[in-house]
Amino acid sequence: MSVERESGKRDQVPYRPVRGELVADAERRCLGIAKGELAGAWSLRSLTGGVEWVVDAAYIRRTSRAERLIAGITLVNARSRGEIL
């Protein structure tokens, strides 16, 4: 989504996810669960747990259907290995 200004310049409006939503981190090229926002940066956590990381809101984007499918398979595989409950 972009916003057109009076001068004709277009500025990108960052995507604002809902807490708990699966999002893509375009900077690190990975998926994460949105935990919260503070001062224009989002805290994300891996699907299978682990340490949270912080990413600038400009790098957050919606996940594609294929990325959501990959995330689901990742969770099923982690559960089958006993890594997560």
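The structure reproduced in this document is the subject of the present report.

Rules of the game
- Residues numbered from 1 in each chain as written.
- Predicted model: local features only at pLDDT ≥ 70, side-chain atom pairs only at ≥ 80, totals over all residues.
- Heavy atoms only, no water.
- Salt bridge = Lys/Arg side-chain N within 4 Å of Asp/Glu carboxyl O.
- Buried < 20%, exposed > 50% of the residue type's maximum accessible area, 1.4 Å probe, protein only.
- Helix = DSSP H or I, 4+ residues; strand = E, 2+ residues; numbered from the N terminus.
- Contact = heavy atoms within 4.5 Å.
- Pairing = 2+ DSSP bridges.

### What about the pattern of salt bridges?
Counted under the stated rule, the structure contains five salt bridges. The partner of Arg 45 in a salt bridge is Glu 52, with the nearest N and O atoms 3.3 Å apart. Taking relative accessible area as the criterion, Arg 45 reaches 30% and is therefore assigned partly exposed.

### Overview of the side chain of Ser 43
Counting through the fold element by element, Ser 43 comes out in strand 5 (residues 41–45). Ser 43 gets classed as buried once you look at its relative accessible area, which sits at 16%. When near neighbours in sequence (up to four residues on either side) are disregarded, Ser 43 contacts Ile 33, Ala 34, Lys 35, Gly 36, Glu 52, Trp 53 and Val 54.

### Looking at the environment of Gly 72
Its location among the elements puts Gly 72 in helix 1 (residues 65–80). Through-space distance from the C-alpha of Gly 72 to that of Leu 47 is 9.2 Å; in sequence the pair is 25 residues apart.

### Thoughts on the pairing of strand 3 (residues 22–25)
With burial as the criterion, each face of strand 3 is covered, one bearing Leu 22 and Ala 24 and the other bearing Val 23 and Asp 25. Two strands pair when backbone bridges link them, and strand 3 and strand 4 (residues 30–38) are joined in this way by four bridges, in the antiparallel orientation. Each residue of the ladder has a partner; that of Val 23, found in strand 4, is Gly 32. Here strand 3 hands over to strand 4 after four residues, with Arg 29 in that stretch at a positive phi of 60°. In this structure, strand 3 lies alongside strand 7 (residues 60–62), joined through three bridges in antiparallel fashion. The residue of strand 7 that forms the bridge with Val 23 is Arg 62.

### Brief notes about unusual backbone geometry
Positive phi, normally seen in glycine, also occurs at Arg 29, with a value near 60°. Along the chain, Arg 29 falls in the loop between strand 3 and strand 4. Judged by relative accessible area, Arg 29 falls into the exposed class, the value being 79%. One non-glycine residue, Ala 39, lies in the positive phi region at around 55°. Topologically, Ala 39 is positioned in the loop between strand 4 and strand 5.

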